[in-house]
Amino acid sequence: LRVSRRSIVDFRALSRRSVVADDMVNVESAIFVCCAREDGVSHARVLRSELAIKLDRGCAVGGGINTAQFIDQSDAFVVLLTEKLPTEPLGLFEIWKALQCQLPIVTVAIPTLYNFAAATAALANLPVSLQHDKLQHLKALLPTDTDVESVGNMIHESLTAIIAISWSPHYGRNHMDAVISDIFARLERDRRSQQTKSGKRSDKAGASFRSLLLKAWPSLADSTTSSDSTTSSCSTTSSNSTTSS
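What you are looking at is a predicted structure, and each value in this text was computed from that prediction instead of being measured.

J.: For this particular structure, what's the right way to read the sheet that holds strand β1 (residues 31-34)?
T.: Sheet strands pair by backbone hydrogen bonding; their relative direction is either parallel or antiparallel. Spatially, five strands are ordered β2-β1-β3-β4-β5 in an open sheet, and the strand pairing comes out parallel. A strand with exactly one partner marks an edge of an open sheet, and here the two such strands are β2 (60-61) and β5 (165-166). Where β1 meets β2, two bridges bridge the pair, whose relative direction is parallel. Following the sheet pairing, Val-33 is matched in β2 by Val-61. Across the sheet, helix α2 (residues 41-55) is in contact with β1, β2 and β3 (76-81); its angle to β1 comes to roughly 170°.

Structure representation (C-alpha cells):
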C-alpha cells in the first residue's frame, strides 16, 4: 500500500492527535518506530513524520493493536530510548518481535529522558523490574514458551551492542535533519554488512530498501561509490603486491 504525498505531509499533525487515534494513521510501515507510550509517543510521532516524508512512504509508531503486523511489514526498526521504555510491556514486546524478524535496528536516545545505567539494571532482571500487572501483560504478549528473563537479557545484549544516536528535540531543524541522516546512514551500513548473509534480515535489507534509502538520502550513492572504489583499489594493490613478490 502506497500513500500519497498529501497523506505523508499530514503526518506532521500527529503530535496533536490522541493516542487512541494513532492506529488509524499507521497505514503502512517502511520503518517502525518503537517507543514507550507514557513518555515517548509525541517524540516518536515526530520521528515517524520526518522518516515518512523523506522516504515518501508511511512509517508506523508502536503501541497499537496491530503492532506485530506492522513490524512484519517493516524494512527497518527504530527504538526511541526513554526512561519508561525498559519497563513498558508493549515496547519490550515490539523490540523482541523486531529481533525475531531480524530487522535492521537503530537506537535513538533522548539524553534528558534516558538513563543507560538504570535501563541496564531493569533489563538485567526484568521479572523483578516489572510491576505485577506489567509482567502479566508482557507474558500475555509473548509466546507461552518464551521466558521473560531471557527476553530482557536478549534485549539488553542487542541494544547495548548498538551505539545510540543522540537526539535533543528542542535543538531545532538542523539537528533534526542530522538525526534523520544518521538513521539512514546506520541503516545503509547495516544493509551492506548483512547483504552477503542469508536469512530474513538479509532479505529485509535488500535492494528495494536501498532504493528507498537512496531516495531519502541521495548522497548515499556517492559515499557507497567512494567506498566501493576504495575497496577495489585496495584489492588491486594487494593483488599487484602479491604478484610482484
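Past the structure itself, the notes keep going.
J.: In this structure, what is going on with the pattern of salt bridges? I would like to understand it.
T.: Two side chains carrying opposite charge are able to pair once their charged atoms lie near each other. Applying the stated criterion to the full structure yields five salt bridges. The residue Lys-97 makes a salt bridge to Asp-72 at a minimum N-O spacing of 3.4 Å. One end of the pair, Lys-97, is in helix α4 (residues 89-100); the other, Asp-72, is in helix α3 (residues 67-73), with 25 residues separating them in the sequence. Lys-97 sits in the buried class, given a relative accessible area of 18%. Residue class for Asp-72 comes out partly exposed when judged on its relative accessible area of 38%. Linked through salt bridges whose partners overlap, the residues forming this network are Glu-50, Arg-173 and Asp-177.

J.: Please clarify how the packing of α4 against helix α8 (residues 148-160) should be interpreted in this entry.
T.: Each pair of packed helices can be summarised by the angle the axes make with each other and by the distance between the axes. Closest axis-to-axis distance for the α4/α8 pair is 10 Å, and the angle between their directions is 70°. In terms of orientation, α4 and α8 fall into the roughly perpendicular class. On α8, the residues touching Leu-92, Ile-95, Trp-96, Leu-99 and Gln-100 of α4 are Val-151, Met-154, Ile-155, Ser-158 and Leu-159. Grouping the constituent residues of the contact of α4 with α8 by class yields eight nonpolar, two polar and no charged.

About the cut-offs
- Along each chain, residue indices are assigned from 1 in the same order as the chain's sequence is written.
- Only residues with pLDDT of at least 70 are given local features in this predicted model, and only at 80 or more are side-chain atom pairs given and counted; all residues enter the totals for whole chains, interfaces and linings.
- Side-chain descriptors were evaluated using all non-hydrogen atoms of the structure, hydrogens and water having been removed beforehand.
- The pairing criterion is simple: DSSP has to find at least two bridges between the two strands.
- Strands here are runs of E lasting at least two residues and helices are runs of H or I lasting at least four, both read from the DSSP assignment and numbered beginning at the N terminus.
- Here a residue-residue contact requires only that any non-hydrogen atoms of the pair lie within 4.5 Å.
- For helices, the fitted line uses only the C-alpha atoms of the stretch in contact; every axis is such a line through C-alpha atoms, and the angle between N-to-C directions lies from 0 to 180 degrees.
- Salt bridges are identified by distance alone: a Lys or Arg side-chain nitrogen within 4 Å of an Asp or Glu carboxyl oxygen.
- For every residue, the accessible area obtained with a 1.4 Å probe (protein chains only) is divided by the maximum for its type, and the residue is called buried under 20%, exposed over 50%, and partly exposed between those limits.
- Orientation labels follow simple angle bins: below 35 degrees gives roughly parallel, above 145 gives roughly antiparallel, 65 to 115 gives roughly perpendicular, and whatever is left gives oblique.
- As a working rule, the residues Ala, Val, Leu, Ile, Met, Phe, Trp, Tyr, Cys and Pro are called nonpolar, Asp, Glu, Lys and Arg charged, and the rest polar, with Gly in that last group.

This is a description of form; function is not addressed.
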